[in-house]
Amino acid sequence: MSDKKNFKTSIGGQALMEGILMRGVDRQAIVCRKEDGSLVTNVDELKLVKDKYPILGIPFIRGIVTFIDSMAKGMQALTWSAEQLPEDQQEEPTKFDLWLEKKLGNEKAEKAIIAIAMVLGLALAVGLFVLLPAFLFELLPDSINLVLRCILEGIIRIVIFLAYLWLCTRMKEIKRVFAYHGAEHKTIFCYEKGLPLTVENARVQSRLHPRCGTSFLVVVMIISIFVVSFMTWVLASIPAIAALEGIAAGLVRVLAKLILLPIIVGITYEINRWVGRHDCTFSRIVSWPGKQMQHITTFEPDDSMLEVAIEALKLVIPEKEGADEW
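Below is a short write-up of the structure. (Residues numbered from 1 in each chain as written. Predicted model: local features only at pLDDT ≥ 70, side-chain atom pairs only at ≥ 80, totals over all residues. Heavy atoms only, no water.)

So, about the sheet that holds strand S4 (residues 39-45). Strand order in the open sheet made by the four strands is S1-S2-S3-S4, with antiparallel pairing throughout. Each having just a single partner strand, strand S1 (12-16) and S4 make up the two edges of the open sheet. Here the strands of the sheet are splayed against their neighbours by 15° on average, with no regard to which way each runs. Where strand S2 (residues 19-23) and strand S3 (residues 27-33) come together, five bridges link them in antiparallel fashion. Across the sheet, residue Gly19 finds its bridge partner in S3, namely Cys32. Its contacts with the sheet put helix H6 (residues 172-192) on S1, S2 and S3, and the angle it makes with S1 is roughly 155°. (Pairing = 2+ DSSP bridges. Helix = DSSP H or I, 4+ residues; strand = E, 2+ residues; numbered from the N terminus. Axes fitted to C-alpha atoms, helices over the stretch in contact; angles between N-to-C directions. Contact = heavy atoms within 4.5 Å.)

Among the nonpolar cores identified, the biggest contains 27 residues, and Ile20, Met22 and Leu313 are the most heavily contacted of them. Elements with a contribution of two residues or more to this core: S2, S3, H6, helix H7 (199-203) and helix H12 (303-314). Tallying contributions element by element places H6 first for this core, with eight residues. In this view, Ile20 contacts Gln14, Ala29, Ile30, Val31, Tyr180, Ala183, Glu184, Val308, Ala309 and Ala312; residues no more than four positions away in its chain are not counted. Ranked by size, the runner-up nonpolar core spans 13 residues in total, among them Val219, Ile223, Val228 and Leu235. (Core = buried A, V, L, I, M, F, W, Y, C linked by side-chain atoms within 4.5 Å. Buried < 20%, exposed > 50% of the residue type's maximum accessible area, 1.4 Å probe, protein only.)

Tracing the backbone through its elements, the reader meets Leu235 in helix H8 (residues 213-236). A relative accessible area of 14% means that Leu235 is categorised as buried. As a C-alpha pair, Leu235 and Val252 span 17 residues in sequence and 9.0 Å in three-dimensional space. Ignoring any residue separated from it by four or fewer positions in sequence, one finds Leu235 in contact with Ile241, Ala242, Val252, Arg253 and Ala256.

Next up on the list: the pairing of S3. Of all the seven residues making up S3, seven are buried; the element is thus mostly covered by neighbouring parts of the structure. Because side chains alternate across S3, one face comprises the buried residues Arg27, Ala29, Val31 and Arg33, and the other comprises Gln28, Ile30 and Cys32, equally buried. As consecutive antiparallel partners, S2 and S3 are separated by three residues. Here S3 pairs with S4 via seven bridges, running antiparallel. Each residue of the ladder has a partner; that of Arg33, found in S4, is Leu39. Count of turn residues in the S3/S4 antiparallel hairpin: five residues, of which Gly37 carries a positive phi of about 95°.

Another point: H8. With 24 residues, H8 extends 34 Å from end C-alpha to end C-alpha; this agrees with the ideal 34 Å at 1.5 Å per step. If you look at H8, its biggest bend is around 25°, right at Ser224. (Expected span 1.5 Å × (residues − 1). Bend = angle between axes of the 7 residues up to and from the residue.)

As a further point, take helix H11 (residues 281-297). Compared with the 24 Å implied by 1.5 Å per residue over 17 residues, the 24 Å span of H11 between its first and last C-alpha is a close match. Taking the largest bend as the criterion, H11 deviates by roughly 40°, centred on Trp288, and proline Pro289 comes between one and four positions later. Looking at H11, one finds that the buried residues are Ser283, Val286, Ser287, Gly290, Met293, Gln294 and Thr297. Where H11 is buried, its residues meet helix H5 (146-169), H6, H8 and helix H10 (246-277).

Quick look at unusual backbone geometry now. For Glu18, which is not glycine, the phi torsion reads 55° and is therefore positive. Locating Glu18 in the fold gives a position in the loop between S1 and S2. For Phe60, which is not glycine, the phi dihedral falls at a positive 75°. You can see Phe60 is positioned in the loop between helix H1 (49-52) and helix H2 (61-83).

Another aspect to go through is the side chain of Glu192. Structurally, Glu192 can be placed in helix H6. When its relative accessible area of 6% is taken as the criterion, Glu192 is described as buried.

This part takes up the pattern of salt bridges. Tallied over the full model, the rule gives twelve salt bridges. Its salt-bridge partner being Lys186, residue Glu300 comes within 3.1 Å of it at the nearest N-O pair. Pair noted here: Glu300 is in the loop between H11 and H12 and Lys186 is in helix H6, with a separation of 114 residues, a long-range link. Residue class for Lys186 comes out buried when judged on its relative accessible area of 3%. The salt bridge partner of Glu192 is Arg211, with a shortest N-O separation of 1.9 Å. Of the two residues, Glu192 is situated in helix H6 and Arg211 in the loop between H7 and H8; the sequence distance between them amounts to 19 residues. Since its relative accessible area comes to 21%, Arg211 is described here as partly exposed. (Salt bridge = Lys/Arg side-chain N within 4 Å of Asp/Glu carboxyl O.)

This is the structure we're talking about:
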């Protein structure tokens, strides 16, 4: 790497059940710690859809594609990490799981279950962070300025998100996942500073990283306030839509918000990409809310977690120095 002081890697990670996923430029690695203390790894070559369809790699579109791809691979990694847990900690397969396995076979059933889990996860996210705030938006008095109502809806969405994360931290298993999240950030910081990848060097690094999925979600919510406010103003200026009342008006607004979601994700991806490459006053302002949110989504890891993160990172560092530079 040409300048180790300013080096920013494109390598990113995800905390799992007793493990970590690290994703590099050409491969991803999952490392989990077994009950006996040993480490088990799973390394796969990355096949990016944009390599097959270059149009999916252009700005804004690439953010949507990357988001979906990351969700799919993250869900697969979570499933694999859960399978490494002791049998008494693994969930028993449901009747539906067994039925799918019987009809499709092990491999196809696993892919189907992951796809269903993704759909359900998206449905939960849309329900909590889009539909519920939209419902509460409709309860706000009409006397409040329309743009102000949109801002209030955005604030409600952020409050719901914070409450959801706080409730997650009450669960022992999630606390450990969030500690692995902290280990992932510390290890990447250690690598970006050009320090030897040791537990001692990683331990003293910050657990708050500007290029984090949490930061991405926070920026999505902030950007959505502006985009939805503009969309609401546009809809209000269309006579046929402005004339709608009650349930019909609410449904139109909710449908418009759902349609705008991919656009918001695409815009946010490009903003986060720019922030990740620059270190200036503006980039620090943009990354600040997400870093503060990481006080909830990351915990201080123990040394055994750092060992897992270091091993996962080592497995995806490219052979050509600097090939992963952001």
